[in-house]
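# Inside the fold
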Amino acid sequence: MMRTVLSRFLCPDDLVDRCRHAMGLTDFGNAAFRDGLQVCLQACREEADLSLFGLLGTRWDTRRLLTNLLRLHQEELMAPEILRESIDRPLFITGMPRSGTTFLQSLLMADKANRSPRVWQVIHPYPSQGLGNRPDRRRQQVARQLRMFGILSPGFRSMHPIDADSPQECSEIAAHVFVSSRFDTTYSIPSYRNWLAEVGHLEGYRFHKRFLQHLQHQEEGAVRWVLKCPDHVLTLDALRAVYPDARIVFVHRDPVHVLLSVTKLTEILRKPFTRHIDRAAIGRQEHEHWHAAALSMIQAADDEPFAEPIFHIRYPDLVGDPAGTVEALYRHFGLTLGAETRARITRILERTPDGGYGRNQFDPDVYGVDFASVRSDFAAYSSKFGVTSSSAQRIKKPVVKLTSASLRRG
């Protein structure tokens, strides 16, 4: 019976038809989403062991993504100049997850010349049709959704402080064409992961640029985009193909801390959507994934494949001197850090000295995180980028406690 329900509720053709009917639109344009949609929903039906919330949430999310695709194409038909918007020298923050990339991006947003896609914009890039004189309540709607998710997944905000106005990760944009690592994080769907590794991320980046063109068109003028997603390090070829003038920032951190934190976050993100969590499997998957990312960063540092050299940041430097790190980044890319921006950065640091993070506990044993194995596998990465290991006093078995203060100290 459950298989029948899943087939009915997560049928790609049915969801496409329902979105067309609800929007009164039929044309998706040339968005290459159908293969990804088919593979992703099949994997969710057969592998994700969806909970009731997972079933309903996946259906709602899929309809939202498809509805956005219809609306984006409609806007392009009415305003073809959208696709002529020039996205010049976007800055991509990437590197190891749980390394302060979100913190860095928030500091860069102190510069009024910078823009990042906000959470509410990525979920609802345009106001509802027929809004008329009624207020645009997209921010408020997304804020309510985030509060609800916080109830369903209590540890989420402590691990990843986010609100409707926070900058959103690029993987959420690429999800619109179902070519995104976001799905592999939310669900345990190995067949989708294998498919994505085979087809690559080029279509995801093409759509990513298109989405930025829509946001920039609404800004009524060119902006300097500051973008972020750790998974970019694994897809640099596709990123470069779409953004040959991209500016790249790698943020580095002790892999032990990275894996302890990212495995916990993955569990928190998956928990509402599934009836079963295999922590050891998460640990193995994250170890493999970020080991491949570490090797990719080494290769990129050797090749320097972009127009400008990659800028490297070590986590202890970022949290030890945030303002100095931002100043060094600006200097590296030939940008000017004005006095007003410096003052705003200072106010941000005074207002949220811990970056908004809470107290978190990590048990390496339940995820199978073996410190010696991690140190060995990531030795080349640590040596290449001068990443120092955490002291024995900060990492102990069986439970590692990282308070806000220790996160700031690195």
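What you are looking at is a predicted structure, and each value in this text was computed from that prediction instead of being measured.

The next subject is a nonpolar patch on the surface. A surface patch of nonpolar side chains, amounting to about 380 Å² of accessible area, comprises Phe-53, Met-148, Ile-151 and Leu-152. Top element by residues in the nonpolar patch is helix H7 (residues 138-152). It accounts for 3 residues. Within the secondary structure layout, Met-148 lies in helix H7.

The terminal C-alpha atoms of helix H15 (residues 279-303) lie 36 Å apart, and with 25 residues this matches the ideal 36 Å at 1.5 Å per residue to within 8%. Those residues of H15 that fall on the buried side of the exposure criterion are Ile-282, Gly-283, Gln-285, Glu-286, His-287, Trp-290, Ala-293, Ala-294, Met-297, Ile-298, Ala-300 and Ala-301. N-capping of H15 is provided by Asp-278, with a side-chain oxygen placed 3.3 Å from the backbone N of Ala-280. Backbone geometry just after H15 places Glu-304 at a positive phi near 45°.

Here the distance between the centres and the angle between the planes together describe a pair of aromatic rings. Summed over the entire model, instances satisfying the criterion amount to 11 aromatic pairs. Ring plane angle 55° and centroid distance 5.3 Å describe the contact between Phe-53 and Phe-273, whose orientation is recorded as tilted. With a gap of 220 residues between them, Phe-53 in helix H4 (residues 52-78) and Phe-273 in the loop between helix H14 (255-270) and H15 connect regions that are remote in the sequence. We classify Phe-53 as partly exposed; its relative accessible area is 31%. Feature note: the residues Phe-53, Phe-149, Phe-156, Tyr-187 and Phe-273 constitute an aromatic cluster, connected by ring pairs. Taking the ring centre of Phe-306 as reference, the NZ or CZ of Arg-240 above it sits at 5.9 Å.

Once that is clear, we can look at the sheet that holds strand E3 (residues 224-228). Reading across the sheet, the 5 strands line up as E2-E3-E1-E4-E5 and stay open at both edges, with parallel pairing between neighbours. At either end of the open sheet lies a strand with only one pairing partner, and these are strand E2 (114-115) and strand E5 (311-314). With 3 bridges connecting them, strand E1 (residues 91-95) and E3 associate as parallel partners. Paired with Ile-93 across the two strands is Lys-228, which belongs to E3. On top of the sheet, H15 reaches E1, strand E4 (247-252) and E5; it is set at about 130° to E4, its chief contact. With respect to the sheet, helix H17 (residues 322-332) is in contact with E1, E2, E3, E4 and E5, its orientation differing from that of E5 by roughly 170°.

The subject of this paragraph is the pairing of E4. In terms of burial, E4 is largely enclosed, as 6 of its 6 residues are buried. Neither face of E4 is left uncovered, since the one carrying Arg-247, Val-249 and Val-251 and the one carrying Ile-248, Phe-250 and His-252 both have all their residues buried. As defined by bridge partners, E1 adjoins E4 across 5 bridges and the pair is classed as parallel. Bridge pairing links Leu-91 to Arg-247 in E4. With 4 bridges connecting them, E4 and E5 associate as parallel partners.

As a further point, take the confidence of the model for the chain. Predicted confidence across the chain gives a mean pLDDT of 90, with 91% of residues reaching 70 or more. Counting contacts from residues 391-410, a segment whose pLDDT is below 50, to residues more than four positions away or on other chains yields 57 contacts.

Inspection of the secondary structure puts Thr-62 in helix H4. Given a relative accessible area of 4%, Thr-62 falls into the buried group. Here the side chain of Thr-62 touches Thr-58 through a polar contact of 2.8 Å, landing on its backbone oxygen. Dropping the residues within four chain positions of it, Thr-62 is found in contact with Leu-15, Leu-37, Leu-41 and Phe-178.

A word on H14. With 16 residues, H14 should cover 22 Å at 1.5 Å per step; its first-to-last C-alpha distance of 22 Å lies within 8% of that length. Counting buried positions along H14 gives 14 out of 16 residues, so the element sits mostly inside the fold.

Let us now look at the pattern of salt bridges. Counting across every chain of the model gives 23 salt bridges. The salt bridge partner of Arg-115 is Glu-219, with a shortest N-O separation of 3.1 Å. Within this pair, whereas Arg-115 is found in strand E2, its partner Glu-219 is found in helix H12 (residues 202-219), the two being separated by 104 residues in sequence. Given the relative accessible area of 25%, Arg-115 is considered partly exposed. By relative accessible area, which is 31% here, Glu-219 ends up partly exposed. A salt bridge links Glu-267 to Arg-279; its shortest N-O distance comes to 3.0 Å.

Here the focus is unusual backbone geometry. Of note, the phi angle at Arg-98 is positive, near 60°, even though the residue is not glycine. Mapped onto the elements, Arg-98 comes out in the loop between E1 and helix H5 (101-108). By relative accessible area, which is 16% here, Arg-98 ends up buried. Non-glycine residue Phe-178 carries a positive phi angle of around 60°. Structurally, the position occupied by Phe-178 is in the loop between helix H9 (170-174) and helix H10 (182-186). Given the relative accessible area of 1%, Phe-178 is considered buried.

What counts as what
- Residues numbered from 1 in each chain as written.
- Predicted model: local features only at pLDDT ≥ 70, side-chain atom pairs only at ≥ 80, totals over all residues.
- Heavy atoms only, no water.
- Patch = residues over 30% accessible without salt bridge, like charges linked within 9 Å, V, L, I, M, F, W, Y side chains within 5 Å.
- Areas by Shrake-Rupley, 256 points an atom, 1.4 Å probe, with all protein chains shown as cover.
- Salt bridge = Lys/Arg side-chain N within 4 Å of Asp/Glu carboxyl O.
- Helix = DSSP H or I, 4+ residues; strand = E, 2+ residues; numbered from the N terminus.
- Expected span 1.5 Å × (residues − 1).
- Buried < 20%, exposed > 50% of the residue type's maximum accessible area, 1.4 Å probe, protein only.
- Polar contact = N/O pair within 3.5 Å; in protein donor to acceptor, adjacent residues only side chain to side chain.
- Phe/Tyr/Trp six-rings, centres within 6.5 Å; stacked < 30°, edge-to-face > 60°.
- Lys NZ or Arg CZ within 6 Å of the ring centre and 35° of its normal.
- Pairing = 2+ DSSP bridges.
- Contact = heavy atoms within 4.5 Å.
- Axes fitted to C-alpha atoms, helices over the stretch in contact; angles between N-to-C directions.
- pLDDT = per-residue confidence, 0-100.

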